[in-house]
Amino acid sequence: MSPISDAGLERLRRAADAPDFSGTRYELLEPLGRGGMGAVYLARDRELGRELALKVLGDPDPAPAAVDRLLAEARIIARLEHPGIVPVHDAGRLPDGRVYYAMKRVSGTRLDALVRQGPPLVERLRLFERVCETVAFAHASGVIHRDLKPENVMVGAFGEVLVMDWGLAKLQAEEVPAPLGGVPAGSTATQEGTVQGTPGYMSPEQARGEIGAIDARSDVFALGALLHFLLTGTPPASAPSGHGLAPTRPDPAVPAALAAACRHAMALDPAQRYASATEFGAEIQRYLSGAAVHAYRENALQRLARLGRRYRTPIALVGAYLLMRLLLVLFARR
């Protein structure tokens, strides 16, 4: 009997790990990715004839806490019906005991990869505005994301912006999920002192595990760190406590008004940040429209230069008109 090659062993391992979709409406096509809780698969819905992404717990006999977390994520996404959030279509248990939920299949480019392609600043800021709009909608629905970062934002081929991975999302009023398939449900509330998130993008209160202090302004901090990445191509430096540090020195490549907005969003004291994602997005809109940014105090010369840029078309038209009148006067005197 000949030994099995490494490639053969790998194929056997993947086959053993693959979830059992027999007897369901789904046909497994291929794995899309793997994370700490399980894996995401591309599957075909036989009844509707469309492809979906299925997130499946890796353990056929999962602990109740893992089931609760997956169901909490599915329920949170399901309640957030917004163009910037991937919709959930179904949830249940597979014949092998694994719990799953089905969502729309999305394709595109992650924001971190897109930034490396060097898009213009205006394009990056327009994308950031869309992220702020989506996060503001989630906040209005009572949901805090808690893991905003470039890797969790997808930009589609037609410019659609999707905020992904709501696995750490927190309801401002925690709810206990109902049982699924006989699996008992427990609380999904995170214990005080537990640190969850990504260093550099976590707010100070999140990095300290102060669960009760995490609110919409914690996501505003992460949005500030995301803006830092969009402006510089690098994440904020991480302090020993795990939270990001806003830029403190002027960067010639970053407009001073945007650097000030970034610092304001990433203030260590939540009370000193923008009060909401909507307010932060409005600040970026002011910059794009040529209006004054509230977080940045201009001097007279900077204000004059900004107004010149904002009204350059009418200024050019008036200048052309005055020049034409001057030429007519000169010719009339000859």
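Because the structure is a prediction, the values reported are computed rather than measured.

## Observations regarding the overall build of the chain
At step 1: When its secondary structure is counted, the chain shows 10 helices and 12 strands.
At step 2: For the chain, the exposed surface amounts to about 17600 Å²; the carbon and sulfur share of it is 57%.

## Details of the sheet that holds strand S3 (residues 50-57)
At step 1: If you trace the five strands from one edge of the open sheet to the other, you get S1-S2-S3-S5-S4, paired in antiparallel fashion. Bordering the open sheet on either side are strand S1 (26-34) and strand S4 (88-93), each of which pairs with just one other strand. Taking each pair of neighbouring strands and ignoring which way they run, the sheet shows an average axis angle of 25°.
At step 2: Two strands pair when backbone bridges link them, and S4 and strand S5 (residues 99-104) are joined in this way by five bridges, in the antiparallel orientation. The residue of S5 that forms the bridge with Ala 91 is Tyr 101.

## Observations concerning the pairing of S3
At step 1: The buried fraction of S3 is high, at six of eight residues.
At step 2: Direction of pairing for strand S2 (residues 38-45) relative to S3: antiparallel, over a ladder of eight bridges. Looking at S3, one finds that Asp 45 is bridged to Arg 50.
At step 3: Joining the antiparallel neighbours S2 and S3 is a turn of four residues, in which Gly 49 adopts a positive phi near 65°.

## Quick word on helix H7 (residues 256-265)
At step 1: With seven of 10 residues buried, H7 lies mostly within the body of the structure.
At step 2: Residues Ala 257, Leu 258, Ala 259, Ala 260, Ala 261, Cys 262 and Ala 265 constitute the buried set of H7.

## Re helix H4 (residues 121-140)
At step 1: Between its first and last C-alpha, H4 extends 28 Å over 20 residues, near the 28 Å set by a 1.5 Å rise per residue.
At step 2: Within the span of H4, buried status applies to Arg 124, Leu 125, Leu 127, Phe 128, Glu 129, Val 131, Cys 132, Thr 134, Val 135, Ala 136, Ala 138 and His 139.
At step 3: Gly 142 sits one or two positions beyond H4 and adopts a positive phi of about 80°.

Conventions used here
Residues numbered from 1 in each chain as written. Predicted model: local features only at pLDDT ≥ 70, side-chain atom pairs only at ≥ 80, totals over all residues. Heavy atoms only, no water. Helix = DSSP H or I, 4+ residues; strand = E, 2+ residues; numbered from the N terminus. Areas by Shrake-Rupley, 256 points an atom, 1.4 Å probe, with all protein chains shown as cover. Pairing = 2+ DSSP bridges. Axes fitted to C-alpha atoms, helices over the stretch in contact; angles between N-to-C directions. Buried < 20%, exposed > 50% of the residue type's maximum accessible area, 1.4 Å probe, protein only. Expected span 1.5 Å × (residues − 1).

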